[in-house]
Every structure is written in C-alpha cells, then in structure tokens.
Amino acid sequence: MLKNKTVLITGASSGIGAACASQFAAMGANLILCARQIEKLHALAAQLQNAHGIEIHTIMLDVRSKEQITAAIHALPDKWKAIDILINNAGLAAGLDFLHEGQVQDWEDMIDTNVKGLLYMTREILPHMLKQNRGHIINIGSIAGHQVYPKGAVYCASKFAVNAITQGLRMDLLGSRIRVSTVDPGAVET
C-alpha cells in the first residue's frame, strides 16, 4: 500500500484527476491536490479525508504559470516536500476545428496546459526526487498522442508531446530510482 507516501496530483478537481485522488486515497496515500477550482478541491479533500483518514493539502494552481508552480512548491510545509509520486494530469482539449479555422487562443491554452504545464511541474518536483533517489512521475497522455483524428491536430500534437517527453525523461533518468510512466486513456467525460 501507499501509507505514508505523498502523491501530488495536478488537475485534481474533476475527471481523471479526482478519480486518481480517490484511488490513491483508498490506498492510504497522503495527497497534495492542485487545481484552479479551489472550492471543488476542498469538497473533494473533505470527502476523501472522511472516507480514508488521510491527510490532504490543497493548492489553488494554474499549471500554465511557471511562477505559480514555483511559489506553490517552495511554500509547501516541510512535511509535504518529500513527494513520492507526481501525477501530471492537468490538461484540456479546446476547440474541434480544422487547423485553418482554429482559434489561436485554444491552441495556446492546450499547449500551455498540456505541454508546458507538465514541463513546469516536472522541472519543479524532479530535483527533489533526485535528491531522495526515489519517486514516480506519471504523465496522463491520451490515445490522441498515438493516433491523430480529424479537427484535432493541435490537441493531438500536445499529447504526442506528452508521449515524447515521457520517453525522453525515462531515458534521462536511466540508472536512477525514479520511474516515469504514461497513462493514455481514450475520451472521458469530466
């Protein structure tokens, strides 16, 4: 089980992130839950604490902001700094358009969240894992990171990037005690 382990989950207020939080809580892990919607995080945290008797720390966080991530991780109380598992879950699909009709803001939101947010969070947490010489980074990708679909070029590209980052990071960490995985679900309702 995961008793006395700490799991940080981005995008934890709904969907896959909330489901991950429920599963890890059931295994006895303490959780750091991050999302933009703090009210939803607080409700989820109360529910999981009551059901499983674990400790939970919540952070209002937008992974698109490197500054927010840096500040949030540096402000963690000492008992929360040793993160054993990082779940890079925050992500979104915006717009379902032909490329020539797509909205640039949708592209920026997807790339900033799905790619840069994952990079920013990993960059902040990984040095601590290396210092501990243990940890597990789980990136939530998508089947869209393996197969492109019509009107989804930019979203698919962002999830192909998640796949490439995961593979490259795994190579970079060869010989360490840090594991890197990806989970690539199909479409889900959030």
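Right above here is the structure, for reference.
As the structure is a prediction and not an experimental result, all values here were calculated from the model.

### Quick word on the pattern of salt bridges
Step number 1: A full pass over the atoms with the stated rule returns 6 salt bridges.
Step number 2: Of the charged contacts, one joins aspartate 62 and arginine 64 as a salt bridge, the two residues approaching to 2.7 Å between their closest N and O atoms.
Step number 3: A salt bridge links aspartate 112 to lysine 116; its shortest N-O distance comes to 3.2 Å. Of this pair, aspartate 112 and lysine 116 both sit in helix α4 (residues 104-132), 4 residues apart, which is roughly one turn of the helix.
Step number 4: A single salt-bridge network, built from bridges that share partners, covers Asp62, Arg64 and Asp109.

### Focus: the packing of helix α1 (residues 15-26) against helix α2 (residues 38-52)
Step number 1: The contact between α1 and α2 brings their axes to 10 Å, and the two run at 20°. With respect to α2, the axis of α1 lies roughly parallel. Crossing handedness for the pair α1 and α2: right-handed. Across the interface between the two elements, Ala18, Ala21, Ser22, Ala25 and Ala26 of α1 pack against Leu44, Leu48 and His52 of α2.
Step number 2: Residue composition of the contact of α1 with α2, grouped by class: 6 nonpolar, 2 polar and no charged.

The rules behind the values
Residues numbered from 1 in each chain as written. Predicted model: local features only at pLDDT ≥ 70, side-chain atom pairs only at ≥ 80, totals over all residues. Heavy atoms only, no water. Salt bridge = Lys/Arg side-chain N within 4 Å of Asp/Glu carboxyl O. Helix = DSSP H or I, 4+ residues; strand = E, 2+ residues; numbered from the N terminus. Axes fitted to C-alpha atoms, helices over the stretch in contact; angles between N-to-C directions. Parallel < 35°, antiparallel > 145°, perpendicular 65-115°, else oblique. Left-handed = near helix turned anticlockwise from the far one by under 90°. Contact = heavy atoms within 4.5 Å. Nonpolar A, V, L, I, M, F, W, Y, C, P; charged D, E, K, R; others polar.

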